[in-house]
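As a plain string of letters, each chain reads:
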Amino acid sequence: MINDIKISKHIIDRYFNKLSSTLDIDIAIVGAGPSGLVAGYYLAKDGYKVSLFETKLAPGGGMWGGGMMFNEIVVQKKAIHILEDFGIGSRDMKEGYFTADSVEATSALINGAVKAGVNIFNLIKVVDVVLKDNAVKGLVLNWTPVEYMGLHVDPLTIQAKKIIDATGHPAEITNTLVKKAGINLNTPSGKFEGEKPMNAAKGEEETVKNTSEVFTNFYVSGMAANGVYGGFRMGPIFGGMLLSGYKVYTLIKEALSKE
Ligand code: 48F
């Protein structure tokens, strides 16, 4: 006979194992959009301990809705190898542009990341970072509903060797770091530059170029990288996001191999 209390017990036991094994990890990623999921996938495949925090119920970020809710995305040729790694089908649309079903693509990125070993925590909002010895050393977490309802509940903290801000357009974690700690970023001005308007060609290139360690142990990827460095937006073409996730993976792998 199915026992109601056993159902609860197994969920609670399993979740708390997952949560306590996340207290001290190699890489913590904030935001389960395409760049965060791709970075997590490759890092976990290499054997690193990776957790990813997503404030919303459903991971996937801005990829589900395609362009203006037409649930198709465009991916340029040079990023197709990443779609292939995740088993995502794409259709040649001509002139070097491919299309993919955004629901298939998003669900496959999530599934791939989880299967590779990324611990995804949805419904958890990252509200701050741990700053010690002029380096980012961890993240401060709270339940999304606590933040949403403005409840006065203190957060909990985890530590990680490397942190990725993959929060998309708002670059929320970098913003918080700059506002609260007044630090200088590795941008040309040392400041948070702010995203520029639409220019897909430039935006796509800049997303990958701007993906970098913007403060000690602290990396930006995807649209957050463009927000921090003052890059252009690009709309529903996603090759840059995928390649940015791949780039931040290579940067972190290289940095960790030297430690
Ligand atoms: O925005 P998002 O998809 O980030 P991305 O990987 O991709 C950008 C594209 O989707 C699109 C675009 C491409 O042409 O312009 O916008 O850069 O995903 C960011 C995720 O971060 C979550 C948010 O809910 C979203 O799913 N997020 C934002 N702030 C927090 C957060 C936070 N403080 N804590 C946890 N998750």
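Please refer to the structure higher up on the page.
Residues numbered from 1 in each chain as written. Predicted model: local features only at pLDDT ≥ 70, side-chain atom pairs only at ≥ 80, totals over all residues. Heavy atoms only, no water.

A.B. asks: Would you mind going over the packing of helix H2 (residues 34–45) against helix H4 (residues 102–116) with me for this structure?
C.D. replies: To characterise two packed helices, one gives the angle between the axes of the helices and the distance between these axes. Taken N-terminus to C-terminus, the directions of H2 and H4 make an angle of 25 degrees; their axes are 8 Å apart at the nearest point. The orientation of H2 with respect to H4, classified from their angle, is roughly parallel. In this structure, the crossing between H2 and H4 has a hand that is left-handed. Side by side, H2 and H4 meet where Pro-34, Leu-37, Val-38, Tyr-41, Ala-44 and Lys-45 of the first sit next to Leu-109, Ile-110, Gly-112, Ala-113 and Ala-116 of the second. (Axes fitted to C-alpha atoms, helices over the stretch in contact; angles between N-to-C directions. Helix = DSSP H or I, 4+ residues; strand = E, 2+ residues; numbered from the N terminus. Parallel < 35°, antiparallel > 145°, perpendicular 65-115°, else oblique. Left-handed = near helix turned anticlockwise from the far one by under 90°. Contact = heavy atoms within 4.5 Å.)

A.B. asks: How should I be thinking about the site of the ligand in this particular structure?
C.D. replies: Inspection of the region around the ligand gives 28 residues, with Glu-54, Gly-62, Glu-172, Met-223 and Gly-235 positioned closest. Between Thr-55 and the ligand, the recorded distance is 3.1 Å, taken from a backbone N or O atom to a nitrogen atom. More than half of the atoms belonging to the ligand lie within 2 Å of the grid points that define the largest pocket. The biggest single contributor to the shell around the ligand is strand S7 (residues 124–132), with 3 residues. (Near = heavy atom within 4 Å. Polar contact = N/O pair within 3.5 Å; in protein donor to acceptor, adjacent residues only side chain to side chain. 1 Å grid on protein atoms, 1.4 Å probe; cavity = no way out; pocket = protein on both sides within 12 Å on 5 of 7 lines; lining within 4 Å. Sits in = over half its atoms within 2 Å of the grid points.)

A.B. asks: Sorry, what's going on with the packing of aromatic side chains here?
C.D. replies: The geometry of two aromatic rings is summed up by the distance between their centres and the angle between their planes. One pass over the full model with this rule turns up 10 aromatic pairs. A centroid spacing of 4.1 Å and a plane angle of 40 degrees characterise the contact between Tyr-41 and Phe-86, whose relative ring orientation is tilted. Residue Tyr-41 is found in helix H2, and its partner Phe-86 is found in the loop between helix H3 (80–85) and strand S4 (91–94); the two are separated by 45 residues along the sequence. An identical accessibility class is assigned to Tyr-41 and Phe-86; each is buried. Relative to Tyr-249, the ring of Tyr-246 lies with its centre 5.4 Å away and its plane at 65 degrees, an arrangement referred to as edge-to-face. One end of the pair is Tyr-246 and the other is Tyr-249, both in helix H9 (residues 239–258) and 3 residues apart, which spans about a single turn. Linked through ring pairs, Tyr-15, Phe-16, Phe-53, Phe-121 and Trp-143 together constitute an aromatic cluster. (Phe/Tyr/Trp six-rings, centres within 6.5 Å; stacked < 30°, edge-to-face > 60°. Buried < 20%, exposed > 50% of the residue type's maximum accessible area, 1.4 Å probe, protein only.)

A.B. asks: Help me understand the layout of surface pockets in this model?
C.D. replies: Empty space among the atoms becomes visible once a probe the size of a water molecule is rolled across them. Of the voids in this model, the largest pocket is the one considered here, and its volume is about 750 Å³. In this structure, the largest pocket is lined by 41 residues; those nearest its centre are Gly-61, Gly-62, Thr-167, Gly-168 and His-169. Among the elements of the structure, H2, strand S2 (50–54), S7 and helix H6 (172–181) are those that each provide at least two residues to the lining of the largest pocket. By residue number, the principal contributor to the lining of the largest pocket is S7, which donates 3 residues. Residue composition of the lining of the largest pocket, by class: 20 nonpolar, 16 polar and 5 charged. Considering only enclosed or pocket space, the second largest pocket measures out at about 270 Å³ in volume. Around the second largest pocket, the lining is made up of 14 residues, and of these Leu-19, Ile-124, Leu-141, Trp-143 and Leu-156 lie nearest the centre. Going through the elements one at a time, helix H1 (4–20), strand S8 (135–143) and strand S9 (156–165) are the ones with two or more residues in the lining of the second largest pocket. Take the lining of the second largest pocket: its biggest share by element is 4 residues, from H1. Residue composition of the lining of the second largest pocket, by class: 10 nonpolar, 3 polar and 1 charged. (Points joined across faces, edges and corners; volume = space filled by probe spheres on them. Nonpolar A, V, L, I, M, F, W, Y, C, P; charged D, E, K, R; others polar.)

A.B. asks: Explanation requested: H4 in the structure shown.
C.D. replies: Since the α-helix advances by 3.6 residues per turn, residues separated by three or four positions end up pointing in the same direction. With 15 residues, H4 should reach 21 Å at 1.5 Å per residue; the first-to-last C-alpha distance of 21 Å fits that figure. Ser-102, Ala-105, Thr-106, Ala-108, Leu-109, Ile-110, Gly-112, Ala-113 and Ala-116 are the residues of H4 that are buried. Looking at the buried residues of H4, the elements they touch are H2, strand S3 (72–76), strand S5 (97–101), strand S6 (119–122) and H9. The N-terminus of H4 is capped by Asp-101, whose side-chain oxygen sits 2.8 Å from the backbone nitrogen of Val-103. Where H4 ends, the next residue or the one after it, Gly-117, has phi of about 120 degrees, a positive value. (Expected span 1.5 Å × (residues − 1).)

A.B. asks: What is the right way to read the pattern of salt bridges from this model?
C.D. replies: Pairs can form between side chains of opposite charge whenever their charged atoms are close. On inspection of all chains with the given rule, the structure shows 10 salt bridges. With a closest N to O distance of 3.1 Å, Lys-253 and Asp-46 form a salt bridge. Highlighted residues: Lys-253 in helix H9 and Asp-46 in the loop between H2 and S2, separated in sequence by 207 residues. (Salt bridge = Lys/Arg side-chain N within 4 Å of Asp/Glu carboxyl O.)

A.B. asks: Whenever I open this one, the sheet that holds S4 confuses me. Can you help?
C.D. replies: In a beta sheet, neighbouring strands pair by backbone hydrogen bonds and run either parallel or antiparallel. What the 3 strands build is an open sheet, ordered S3-S5-S4; its pairing is antiparallel. Each edge of the open sheet is held by one strand with a lone partner, namely S3 and S4. If you compare each strand with its neighbour and ignore which way they point, the axes differ by 40 degrees on average. Pairing geometry for S3 and S5, over 5 bridges, is antiparallel. Bridge pairing in S5 links Val-74 to Thr-99. Packing against the sheet, H4 makes contact with S3 and S5, and its axis sits at approximately 75 degrees to S5. (Pairing = 2+ DSSP bridges.)

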